[in-house]
Amino acid sequence: MLLKRTPGMVWQLVGLFALSGVLSLYSIALARYTHSPAAMWLTNGALIGWLIRKPLRETWPLLLAGFLGYFAARAFEGEPFLPSLTLGLINLLETLMVTLAIRRHFPAITQETHFPELARIAIISATAACGLAALAVALIKHVWPELAFWV
């Protein structure tokens, strides 16, 4: 198991859980204050930044820790279970798509990395992932329009 081979991974998981939870709480609180949808770009950006610097075998546990931090923040704010789970999974897939696109073009981030090219790949993949996530939410809302929690 990964945690037996790398005990320091436990602290990374705890740290990413906490980071994701705090950033999600901030985004949710800001959304409630401004009466707008929660913008998760801050949380996603932190997760992506963490994930692209780690070996591929560590990606899944870190993604799960980030998802659980987001989910715990939504639960702490009293959000309903099903929308939190659904939106969290869509958000997780969005983060994964951007991370994989960056990793495909830049397997390792080093001093020699061409950062304007990295930014271009990140922006294009984030735009595509955001569009797909929005379509997924719209499809769910279309299939189950009577569910009041989508409003």
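Computed from a prediction, not measured in an experiment: that's the story for all the values here.

Q: Sorry, what's going on with the packing of helix α3 (residues 41-51) against helix α5 (residues 81-105) here?
A: When two helices pack together, their arrangement is given by the angle between the helix axes and the distance between those axes. Contact geometry for α3 and α5: axes closest at 10 Å, N-to-C directions at 40 degrees. The pairing of α3 with α5 is recorded here as oblique in orientation. In terms of crossing hand, the pair formed by α3 and α5 is right-handed. Every residue of α5 that contacts α3 at Asn44, Leu47, Ile48 and Leu51 is listed here: Asn91, Glu94, Thr95, Val98, Thr99, Ile102 and Arg103. Residues that form the contact of α3 with α5 fall into these classes: five nonpolar, four polar and two charged.

Q: Even after reading the chapter, I still don't get the packing of aromatic side chains, so can you show me in this structure?
A: In this description, an aromatic ring pair is defined by two values, namely the gap between the centres and the angle between the planes. Evaluation of the coordinates by the stated rule reveals two aromatic pairs. Arranged with centres 5.9 Å apart and planes meeting at 25 degrees, the rings of Phe67 and Phe71 form a pair that is stacked. Remark: Phe71 and Phe67 occur in helix α4 (residues 59-76); sequence separation between them is four residues, near one turn of the helix. With centroids separated by 5.6 Å and ring planes inclined at 85 degrees, the aromatic side chains of Phe71 and Phe81 adopt a geometry described as edge-to-face. One end of the pair, Phe71, is in helix α4; the other, Phe81, is in helix α5, with ten residues separating them in the sequence.

Q: In this structure, what is going on with the pattern of salt bridges? I would like to understand it.
A: Here the idea is simple: oppositely charged side chains can pair when their charged atoms come close. Here the structure, examined in full by the defined rule, presents four salt bridges. Put simply, Glu77 and Arg32 hold a salt bridge, and the shortest N to O gap is 2.8 Å. Residue Glu77 is found in the loop between α4 and α5, and its partner Arg32 is found in helix α2 (residues 8-34); the two are separated by 45 residues along the sequence. Looking at Glu77, the relative accessible area reads 23%, which means it is partly exposed. Linking Glu79 and Arg74 is a salt bridge whose minimum nitrogen-to-oxygen distance equals 3.4 Å. Owing to a relative accessible area of 23%, Glu79 belongs among the partly exposed residues under this scheme. The class of Arg74 is buried, set by a relative accessible area of 10%.

Calculation notes
Residues numbered from 1 in each chain as written. Predicted model: local features only at pLDDT ≥ 70, side-chain atom pairs only at ≥ 80, totals over all residues. Heavy atoms only, no water. Axes fitted to C-alpha atoms, helices over the stretch in contact; angles between N-to-C directions. Helix = DSSP H or I, 4+ residues; strand = E, 2+ residues; numbered from the N terminus. Parallel < 35°, antiparallel > 145°, perpendicular 65-115°, else oblique. Left-handed = near helix turned anticlockwise from the far one by under 90°. Contact = heavy atoms within 4.5 Å. Nonpolar A, V, L, I, M, F, W, Y, C, P; charged D, E, K, R; others polar. Phe/Tyr/Trp six-rings, centres within 6.5 Å; stacked < 30°, edge-to-face > 60°. Salt bridge = Lys/Arg side-chain N within 4 Å of Asp/Glu carboxyl O. Buried < 20%, exposed > 50% of the residue type's maximum accessible area, 1.4 Å probe, protein only.

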